[in-house]
Amino acid sequence: MLTINQYVKASSLEEAYELNQKKSNVILGGMLWLKMQKRNVGTAIDLSGLGLDAIEETEEAYRIGAMVTLRHLELHGGLNALTQGAARESVRRIVGVQFRNMATVGGSVFGRYGFSDVLTFLMAAGAQVELYKAGRMPVETFAYLPYDRDILTHVIVPKRSMKAAYLSQRNTKTDFPVAACCVVQDMDAGGEIRCVIGARPMKAVCLRDERGILAEGITAGSAQAFGDYVTETVETGTNLRGSAQYRKIVAGVLAKRALLQIAGLEERA
Amino acid sequence: MQIQMTVNEKKIQADIAPDMLLIDFLRAHGCYSVKRGCETSNCGLCTVFMDDRPVLSCSLLAARADGHKVTTLEGLQEEAEGFGAFIADQGAEQCGFCNPGFMMNGIAMFRENPDPTDEEILEYLAGNLCRCSGYEGQLRGIRSYIEYKKQQADEKGGDA
């Protein structure tokens, strides 16, 4: 059970940061995962009064506040147009509308959970995180840093010309994924393919086409070969939702299908 | 700590513990429609609206609802009656424990999308679990409610 001694709605990021330096204190996101833990929290720090619940659009990027909900991400026209609906696809299977009205982008990303759909999508999209003290860095770097007492304030999705597809395999509709996959072809980076496998069930990992399998373009054959490469390469683990071996196979199939989707060779579901 | 919120259009002030959950706050103030089902933020039984958006009251601190508007099924009797009758007509539910959360999220769905497809209905209501049924009766009930609403709109349109 979760107990909380004190609740503070922070009036500035500095106040939130100061409070967060104490180990027994915690920043609240949607509080959904936190509530599942057995934990005695000293001070629960709420960022919801700091205007971090907006998605701002600039010339170069979408800047997503840490308190933006997954539902907001799901329904955002600009982000979904940029990613051909991958933003929506990455969150629409998460529990239910009510849950997604509460769960936050900041909570999902800061937690760097091994089951995270959101982390998988953002890593593939080439997003950056913005931290109060440490500043900006790629999600791909941030995902592997040790947990510290900094505050994630924004996630920035650059407006790059990209083709994207998101797929996940779930044992049952609203459950955590057994495996998730987001493939992005980044036209502004010379057509680089980023294939991110999430819910391994370790932190999402980005695989690139190091062997040049897709160098001649995405075809039924090269997509299959890249899928096989993913199955062979990706490191997975076992939990009650699936074995490591099963996950490797599913990840390969998802990668292949996502490639076919971005090449227009397979219809999107 | 002191909080103040508007519950079903009534202002409530109270002194609460920092870790009191909204579900417990609402039940303590007479909103017994709000049910606790799973305790793992998964079943949707505790659904209420905060500022007109459906949320899980079992996972929301009452402190976070300070200054906000909260609506429970008690505050939506008229909307719930019309819709609920169609669910009952199909004998969709057996024990009925999941009904208040289902009604709330159904109402939220109709407000966002008055004419959803079957696929949209199933997606919107996926976070509302029912352990007696297979959801088929609910789906039939929702379809006939939509039909009824359309007919009503057509008749009104015809008069004008």
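Residues numbered from 1 in each chain as written. Chains lettered and ligands numbered in written order. Predicted model: local features only at pLDDT ≥ 70, side-chain atom pairs only at ≥ 80, totals over all residues. Heavy atoms only, no water.

Engineer: Hey, could you go over helix 10 (residues 220-233) of chain A for me, with residue numbers and the actual values?
Structural biologist: Within an α-helix, residues lying three or four positions from one another point in the same direction, as the helix has 3.6 residues per turn. Between its first and last C-alpha, helix 10 of chain A extends 20 Å over 14 residues, near the 20 Å set by a 1.5 Å rise per residue. Buried residues along helix 10 of chain A sit in contact with strand 11 (192-198), strand 12 (205-208) and helix 11 (244-262) of chain A. (Helix = DSSP H or I, 4+ residues; strand = E, 2+ residues; numbered from the N terminus. Expected span 1.5 Å × (residues − 1). Contact = heavy atoms within 4.5 Å.)

Engineer: Go over the sheet that holds strand 5 (residues 69-71) of chain B, please, and point to the residues and values.
Structural biologist: All names here are of chain B. The strand order across the open sheet built from five strands is 2-1-5-3-4, with neighbouring strands paired in mixed fashion. Either end of the sheet is taken by a strand with one partner, and the two such strands are strand 2 (10-15) and strand 4 (53-56). Between one strand and the next, the sheet's axes are offset by a mean angle of 40°, whatever the strand orientation. As paired elements, strand 3 (residues 47-50) and strand 4 share four bridges and run antiparallel to each other. (Pairing = 2+ DSSP bridges. Axes fitted to C-alpha atoms, helices over the stretch in contact; angles between N-to-C directions.)

Engineer: Kindly report on the domain arrangement of chain A, identifying the contributing residues and their values.
Structural biologist: Domains assigned within chain A are domain 1 (2-43), domain 2 (55-158) and domain 3 (162-263). The C-alpha-based centres of domain 1 of chain A and domain 3 of chain A are spaced at 35 Å. (Domains from an automatic or database assignment.)

Engineer: Kindly report on the side chain of Asn 105 of chain B, identifying the contributing residues and their values.
Structural biologist: Along the chain, the position of Asn 105 of chain B falls in helix 3 (residues 99-112). At a separation of 2.9 Å, a polar atom in the side chain of Asn 105 of chain B contacts the side chain of Asn 128 of chain B. In contact with Asn 105 of chain B, other than residues within four places in its own chain, are Gln 98 of chain A together with Thr 47, Pro 54, Tyr 124, Leu 125 and Asn 128 of chain B. (Polar contact = N/O pair within 3.5 Å; in protein donor to acceptor, adjacent residues only side chain to side chain.)

Engineer: Please set out the environment of Ser 24 of chain A residue by residue, giving values where relevant.
Structural biologist: All names here are of chain A. Tracing the sequence through the fold places Ser 24 in the loop between helix 1 (13-20) and strand 2 (26-28). Assessed through its relative accessible area of 31%, Ser 24 is described here as partly exposed. Every residue in contact with Ser 24, bar those within four places of it in the chain, is listed here: Asn 40, Val 41, Gly 42 and Thr 43. A polar side-chain atom of Ser 24 sits 3.5 Å from a polar atom in the side chain of Asn 25. (Buried < 20%, exposed > 50% of the residue type's maximum accessible area, 1.4 Å probe, protein only.)

Engineer: Residues and numbers for the domain arrangement of chain B, please.
Structural biologist: Accessible area lost when the parts come together is the quantity often used to give the size of an interface. Residues and elements named next belong to chain B. Domains assigned within chain B are domain 1 (2-74) and domain 2 (76-156). Averaged C-alpha coordinates put domain 1 and domain 2 at centres separated by 22 Å. Taken residue by residue, the interface counts 16 residues in domain 1 and 18 residues in domain 2. When domain 1 packs against domain 2, the two sides together hide about 1300 Å² of surface, and 67% of this comes from carbon and sulfur. Sorting the residues of domain 1 by area buried against domain 2 places Leu 45, Phe 49 and Leu 73 first, and these three jointly supply 44% of that buried surface. Taken together, the links from domain 1 to domain 2 amount to one salt bridge. The closest approach of N and O atoms between Asp 52 and Arg 111, which form a salt bridge, is 3.9 Å. Remark: the boundary between domain 1 and domain 2 carries five residue pairs in polar contact (both at pLDDT 80 or more). (Buried area = accessible area lost by both parts, 1.4 Å probe. Salt bridge = Lys/Arg side-chain N within 4 Å of Asp/Glu carboxyl O.)

Engineer: Hey, could you go over the sheet that holds strand 5 (residues 61-65) of chain A for me, with residue numbers and the actual values?
Structural biologist: All names here are of chain A. Taken together, the five strands give an open sheet; going across it, the order is 4-5-8-6-7, and neighbouring strands pair in antiparallel fashion. With one partner strand each, in any of the chains shown, strand 4 (55-57) and strand 7 (135-138) form the two edges of the open sheet. Each adjacent strand pair in this sheet contributes to an overall mean axis angle of 25°, direction not counted. Two elements, strand 5 and strand 8 (residues 152-158), share five bridges in a ladder whose sense is antiparallel. The residue of strand 8 that forms the bridge with Ile 64 is Val 155.

Engineer: Give a detailed account of unusual backbone geometry, specifying residues and quantitative values.
Structural biologist: Pro 201 of chain A follows Arg 200 of chain A through a cis peptide bond whose omega is 15°. Inspection of the secondary structure puts Pro 201 of chain A in the loop between strand 11 and strand 12. One non-glycine residue, Asp 52 of chain B, lies in positive phi territory at about 70°. One can find Asp 52 of chain B in the loop between strand 3 and strand 4.

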